Amino acid sequence: EDAEKSGYDHFMLKEINEQPTALRQCLRGRIDELDGTIDLDDIADLDHDGPIQFVACGTSYHAALFGAERLRTAGVQAHAYLASEYASERVPVDEGTLVVGVTQSGETADTLRALREAARAGATTLAVTNTVASSAARECDHALYIRAGPEIGVAATKTFASQQLALALLAFALSDGPTREELEALRDIPGQVQTILDTTDARAVAEAYADADAYFFIGRGYHYPVALEGALKMKEITYRHAEGFAAGELKHGPLALVTQNTPVFAIVTGNGETARKTIGNVKEVEARDAPIVAITDGESDVTRYADHVLEIPAVGDLGGSVLANVQLQLVAYWVANLLGRSIDKPRNLAKSVTVE
Ligand code: G6P
């Protein structure tokens with residue numbers, strides 16, 4: 001097993017470091033350099049222009065939230081559902097609906113169940129998965145592979161980044177293709193993830209807050225699913241209380257939990273309205289003496305309010321949310337490491353949950 005970790009102490013850290021390679025694999029052959037379009041061979045015969053529903057669990061659900069927002073930005077009606085709630089929510093489905101199951105393993109029972117129900121109602125189904133010939137890939141009408149390579153750590157890391165990128169590609173493929181600028185931004189992501197891995201201060205941040213009472217994560221737009229994912233990673237491998245919030249929801253309850261021993265991780269990119277609003281929320285927690293960790297590209301003045309800064313390159317909200325997540329993965333990893341947790345196999349959790 002040690003040989004398979006290629007010198008890393010844990011598979012999780014190895015897989016976090018494999019992200020530039022995983023993302024390059026995800027992009028390979030999928031950008032048509034000549035006409036600047038996205039070419040997804042796997043789903044070449046998928047021709048869809050109706051509403052899109054995502055179903056997924058855990059980390060994959062956070063990727064689905066991101067994918068749905070990306071599609072809506074491109075003008076496509078899309079929504080993400082928790083697979084385990086899909087049936088109870090009585091989501092309307094018909095022949096014109098595309099239901100996308102986002103599932104790393106392709107074997108999650110809740111997701112398979114939701115996909116099967118959608119297929120029975122006449123929907124077209126698509127599996128976005130890491131696992132060739134998995135149940136989801138075999139049962140769905142179409143399969144799009146994220147190509148992250150095998151992931152051993154129970155906490156999903158590189159597969160989340162690859163899901164984000166694959167769903168961004170899918171959104172471009174199902175709407176107007178990317179602009180030159182957007183294409184360039186997609187192509188730059190793997191190298192920028194490498195820059196973060198080479199320069200990150202995540203370990204120092206983890207050392208500063210390893211004894212915190214709880215960890216809160218806030219973001220808006222594309223950064224909201226990343227706030228949820230940052231908290232999930234922290235819970236899974238540190239066993240500490242962590243919550244992700246839509247930044248605007250803080251004042252509707254969670255603010256009561258904020259103290260000087262609950263660091264708040266705020267994801268802020270650019271300097272537009274979204275950034276300004278999140279900075280307003282940062283000021284609210286600063287007034288309650290909570291330590292603030294800004295994950296930011298430095299385009300706004302959020303650093304003025306921050307006790308720690310985890311820097312990411314300035315690439316806009318879409319790419320920025322992929323990059324910000326890498327910093328949060330590393331913070332969770334180093335807190336868990338300092339606490340001596342069973343990082344690759346957290347208690348009570350399984351890599352793939354095959355019961356409903
Ligand atoms: C389990 C894993 C999570 C994962 C979830 C969904 O709970 O521990 O890391 O996000 O299943 O898995 P899937 O294979 O469907 O993406």
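Parameters at a glance
The residue numbers shown here count from 1 along each chain, following its written sequence. Owing to the predicted nature of the model, reporting of local features is limited to residues with pLDDT of at least 70; listing and counting of side-chain atom pairs is limited to 80 or more, with chain, interface and lining totals taken over all residues. Where helices and strands are cited, they refer to DSSP runs of H or I of at least four residues and of E of at least two residues respectively, numbered from the N terminus. Contact definition: two residues whose C-beta atoms, as placed from backbone geometry, lie within 7 Å. We call a residue exposed when 12 or fewer other C-beta atoms sit within 10 Å of its C-beta, buried when the count reaches 20 or more, and partly exposed for counts in between; the C-beta positions come from the backbone. At least two DSSP bridges between two strands are needed for those strands to be called paired. We call a crossover right-handed when, viewed with both strands directed away from the observer, the connection leading from the first strand over the helix to the second proceeds clockwise. A molecule or strand has a residue near it when that residue's C-beta atom, placed from backbone coordinates, lies within 6 Å of it. Each residue is assigned to one of three groups, with Ala, Val, Leu, Ile, Met, Phe, Trp, Tyr, Cys and Pro labelled nonpolar, Asp, Glu, Lys and Arg labelled charged, and all others, Gly among them, labelled polar. Working definition: the nonpolar core is a set of buried Ala, Val, Leu, Ile, Met, Phe, Trp, Tyr and Cys residues, joined through C-beta atoms within 7 Å. In this description, the arc belongs to the directions extending from the helix axis to the C-beta atoms. As a per-residue measure, pLDDT reflects the predictor's confidence and takes values from 0 up to 100. Axis definition: a line fit to C-alpha positions, over the contact stretch in the case of helices; interaxial angles, taken between N-to-C directions, run 0 to 180 degrees. The labels follow the angle: roughly parallel below 35 degrees, roughly antiparallel above 145, roughly perpendicular from 65 to 115, and oblique for the rest. Handedness of a crossing follows from how the near helix is turned relative to the far one, being left-handed for an anticlockwise turn of less than a right angle and right-handed for a clockwise one.

## Focus on the overall build of the protein chain
Across its full length, the protein chain holds 12 helices and 12 strands. By principal-axis analysis of the C-alpha atoms, the protein chain measures approximately 55 × 45 × 40 Å. Nonlocal contacts in the protein chain, meaning residues at least 24 apart in sequence, comprise 73% of its contacts between residues at least 6 apart.

## A word on the pairing of strand β3 (residues 52-56)
In terms of residue burial, β3 counts as a mostly covered element, since five of its five residues are buried. Taking every second residue as pointing to the same face, both faces of β3 are buried, with I52, F54 and A56 on one and Q53 and V55 on the other. With five bridges joining them, β3 and strand β4 (residues 78-82) adopt parallel strand pairing. Across the sheet, the residue bridging to A56 is L82, located in β4. Viewed along the sheet, the connection from β3 through helix α3 (residues 58-73) into β4 turns out right-handed.

## Points about the site of the ligand
Surveying the vicinity of the ligand reveals 17 residues, the closest of which are G58, T103, Q104, S105 and T108. Of the residues contributing to the shell around the ligand, the split by class is seven nonpolar, nine polar and one charged.

## Quick look at the nonpolar core
A56 and A266 are the most contacted members of the largest nonpolar core, which totals 119 residues. For this core, the leading source of residues is helix α12 (residues 316-338), giving 13 residues. Beyond its immediate chain neighbours, meaning those up to four positions away, A266 contacts I218, T278, V282, I292, A294 and V302.

## So, helix α9 (residues 202-209)
Considered for burial, the residues of α9 that qualify are A202, V205, A206 and Y209. Projected down its long axis, α9 shows its buried positions confined to an angular sector of 100 degrees, all on one face. Residues of α9 that are buried in the fold lie against β11 (292-296), β12 (308-311) and α12.

## Some details on the confidence of the model for the protein chain
Averaged over every residue, the pLDDT of the protein chain is 96; residues scoring 70 or more account for 100%. Model confidence for the complex: the whole-complex pTM is 0.97, and ipTM, which rates the interface, is 0.98.

## A look at the packing of helix α2 (residues 19-27) against helix α7 (residues 158-173)
Following both chains from N to C, one finds α2 and α7 inclined at 30 degrees, their axes separated by 9 Å at the closest point. Compared by their axis directions, α2 and α7 come out roughly parallel. The way α2 lies across α7 gives a crossing that is right-handed. Where α2 approaches α7, its residues Q19, A22, L23, C26 and L27 are matched on the opposing element by K158, A161, S162, L165 and A166.

## Side note on unusual backbone geometry
One can expect most non-glycine residues to show negative phi and most peptide bonds to be in trans. Here R90, not a glycine, exhibits a phi torsion of approximately 50 degrees, which is positive. Mapped onto the secondary structure, R90 falls in the loop between α4 (83-86) and β5 (98-103). One non-glycine residue, N348, lies in positive phi territory at about 70 degrees. Here N348 lies in the segment after α12.

## So, the sheet that holds β4
The five strands lie next to each other as β4-β3-β5-β6-β7, forming an open sheet whose pairing is parallel. The open sheet has two edge strands with one neighbour each: β4 and β7 (142-145). Taken over all neighbouring pairs, the strand axes of this sheet differ in orientation by 20 degrees on average, direction set aside. Two strands pair when backbone bridges link them, and β3 and β5 are joined in this way by five bridges, in the parallel orientation. Counterpart to V55 in the pairing with β5 is G101. Contacts from α3 reach β3, β4 and β5 within the one sheet, and its direction differs from that of β4 by about 165 degrees.

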